Each structure stands twice: as C-alpha cells, then as structure tokens.
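As a plain string of letters, each chain reads:
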Amino acid sequence: DDEGFDGRRPKLDPFVVGEEVKFAIQYLGVKAGELKLKVLPFKLVNGRKSYHFRTEIVSNSAYSMIYEVEDWAESYVDYETLLPFNYTLHVNHTNEKKQIKSVFDHPKNIVKVWEKKIDDEGKTKKRSYDWEMIPYSQNVISIFYYLRNFQLKVGKVIKFPMTDEDNNLILEAHVVRKEKIELPSGKMQSAFVVKPKVTIKGKFKPVGDVFLWFSDDNRKQILRVESALKIGKLKFNLISIK
C-alpha cells in the first residue's frame with residue numbers, strides 16, 4: 001500500500017521526538033501496572049539516521065507482591081527505509097530474568113540473536129542462533145510504530161511480514177470500525193479500531209481477540225488496547241499522551 005508514501009517514506013511523519021503515551025494496565029478489574037510507549041531522540045546506526053522506539057512495563061506495588069514485572073524493549077529503525085536494525089528485550093520477573101539482543105541483516109535477510117536467561121534458582125542459560133527472515137520484516141516492537149505510517153480507512157487490510165523467535169509471520173491489520181473515545185482531558189477523539197491477525201507458515205495463528213485504537217489524525221497514536229485472555233480481558237487504558 002503506497003497511499004500517503006513517497007517511496008518508503010511517509011509524506012507526513014507520524015512520529016515526534018519526545019512523544020510518550022502512558023497506559024494503566026488493567027486485568028480482571030484491577031490495575032496491575034503501567035505501560036509506556038516512547039519515541040526517543042534520533043540516533044546514528046551504521047552511519048544512518050534512525051528512530052529510537054522504546055516500551056516499558058512496570059507492575060504496581062500491590063501487584064508486585066504477587067508477581068513483579070519490570071520489562072523494557074527497544075528497537076532502532078532506519079529513517080529512510082523504515083526497516084529495524086535491531087530488537088533488544090530486558091525481562092525482570094519474579095521467577096525469571098532474561099535478556100535478548102537481535103540484529104537484523106536486511107541485505108542477507110538474516111536475524112542473529114543472543115539470549116541469556118536466569119531462572120529463579122539463579123541458574124544461567126545462554127544461547128545464540130539465527131534464521132532466515134522474509135524480506136522487509138518488522139519485529140514485535142517496530143510493528144506498532146510501522147502501522148502508524150499507513151493511511152487508515154474502515155475496511156482496509158494492511159499486510160506485512162514480521163519475524164520473532166525463529167518464526168516468520170505475516171501480520172494482517174484489519175481496520176474494523178471508527179468510533180469516538182474519551183481522552184483523560186475529557187476531550188472526545190475520533191479513532192480507528194484495528195484488529196491484528198497473524199499467519200505463520202501459511203496457517204492462521206489465533207492470537208485471541210486483540211483490538212488497538214489509533215487516533216484519527218496525522219500522528220495515529222495508540223490510544224487504547226484490549227486483549228481477550230483465557231480468563232478475563234487485559235486492558236491498556238490511556239493515562240496521558242504527548
């Protein structure tokens with residue numbers, strides 16, 4: 001889909017350095033923690049101007065007594081091609097600590113990964129591996145930002161490849177409807193509701209009912225997320241946006 005693009009660049013850049021969207025994570029009616037989506041200052045990666053996208057999840061003090069979470073992930077994405085250079089994940093849970101660093105070699109279509117895990121007994125496991133990815137693949141962080149480059153319309157399906165943990169997948173983002181939601185300021189904001197679907201190795205892979213609300217403006221920021229689980233719903237409700 002090349003609508004709104006000039007080559008691989010969007011005609012209107014949806015990202016603003018300093019952008020930060022904060023959500024309250026709610027599960028079974030209880031606030032479990034907070035999620036932050038950030039656009040950090042540009043960086044030079046391999047001599048190329050790059051976006052710096054970062055997500056952070058932290059459990060609140062009450063929920064941490066049951067299960068503590070303090071995770072962050074980030075990805076550098078080429079400004080011109082919109083292709084990710086890397087993906088880094090730091091997981092700090094009650095029963096697990098994990099670090100994953102991956103590098104995307106797009107000319108060779110290879111992903112190289114280094115992984116380190118520490119279990120609750122203090123045992124460390126390390127491994128490195130690589131796999132061949134589909135050309136122009138995104139990763140699990142960059143997909144949420146990459147989607148914002150496209151023009152959204154009800155009924156539209158945006159399809160592109162992504163890769164994660166030795167799997168090559170096709171993400172289909174279905175724009176299912178348009179509605180107004182209330183922002184923390186009390187202002188009503190028009191938003192597109194998008195439902196993602198994933199296909200792996202030619203077969204549809206259910207990911208549960210996941211819906212994302214993108215603002216109906218040039219920035220197309222994520223305003224809400226809901227995900228159906230086996231028990232209850234996981235909701236990400238907007239706290240603040242800039």
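Given the structure is predicted, the values throughout are model-derived calculations rather than measurements.

(A) View of the pattern of salt bridges. Throughout the structure, instances matching the rule amount to 18 salt bridges. The salt bridge involving Arg 219 is made with Glu 19; its shortest N-O contact spans 3.2 Å. One end of the pair, Arg 219, is in the loop between strand 15 (210–215) and strand 16 (222–228); the other, Glu 19, is in the loop between strand 2 (9–10) and strand 3 (20–27), and 200 residues separate them in sequence. Glu 19 gets classed as buried once you look at its relative accessible area, which sits at 3%. The salt bridge involving Glu 74 is made with Arg 54; its shortest N-O contact spans 3.4 Å. Residue Glu 74 is found in strand 6 (residues 70–78), and its partner Arg 54 is found in strand 5 (residues 48–59); the two are separated by 20 residues along the sequence. Exposure remark for Glu 74: the relative accessible area of 11% places this residue in the buried category. Residues joined by salt bridges that share partners form a network here, namely Asp 1, Glu 3, Lys 153 and Lys 156.

(B) Highlighting the nonpolar core. Grouped together as the largest cluster of nonpolar side chains are 55 residues, with contacts concentrated most on Phe 23 and Phe 53. Residues contacting Phe 53, with those up to four places away along its chain left out, are Phe 15, Lys 38, Val 39, Ala 73, Glu 74, Ser 75, Val 77, Ile 141 and Tyr 145.

(C) Expanded view of the packing of aromatic side chains. What the rule picks out here adds up to 12 aromatic pairs. Both rings, one in Phe 15 and one in Tyr 51, keep their centres 5.1 Å apart while their planes meet at 75 degrees; by these two values the pair is edge-to-face. Of the two residues, Phe 15 sits in the loop between strand 2 and strand 3 while Tyr 51 sits in strand 5, which places them 36 residues apart along the sequence. Like Tyr 51, Phe 15 is buried. Both rings, one in Tyr 146 and one in Phe 150, keep their centres 5.3 Å apart while their planes meet at 85 degrees; by these two values the pair is edge-to-face. Overall, the relative accessible area of 11% leaves Tyr 146 in the buried class. A relative accessible area of 5% places Phe 150 in the buried class.

(D) Spotlight on the environment of His 90. Relative to the helices and strands, His 90 is located in strand 7 (residues 86–92). By relative accessible area, His 90 is classed as partly exposed at 21%. As for His 90 and Ile 100, which are separated by 10 residues in sequence, their C-alpha atoms are 6.7 Å apart. Apart from residues no more than four positions distant in its own chain, His 90 is found in contact with Glu 70, Asp 71, Trp 72, Lys 98 and Gln 99.

About the thresholds
Residues numbered from 1 in each chain as written. Predicted model: local features only at pLDDT ≥ 70, side-chain atom pairs only at ≥ 80, totals over all residues. Heavy atoms only, no water. Salt bridge = Lys/Arg side-chain N within 4 Å of Asp/Glu carboxyl O. Helix = DSSP H or I, 4+ residues; strand = E, 2+ residues; numbered from the N terminus. Buried < 20%, exposed > 50% of the residue type's maximum accessible area, 1.4 Å probe, protein only. Core = buried A, V, L, I, M, F, W, Y, C linked by side-chain atoms within 4.5 Å. Contact = heavy atoms within 4.5 Å. Phe/Tyr/Trp six-rings, centres within 6.5 Å; stacked < 30°, edge-to-face > 60°.

That's the geometry; what it means functionally is another story.
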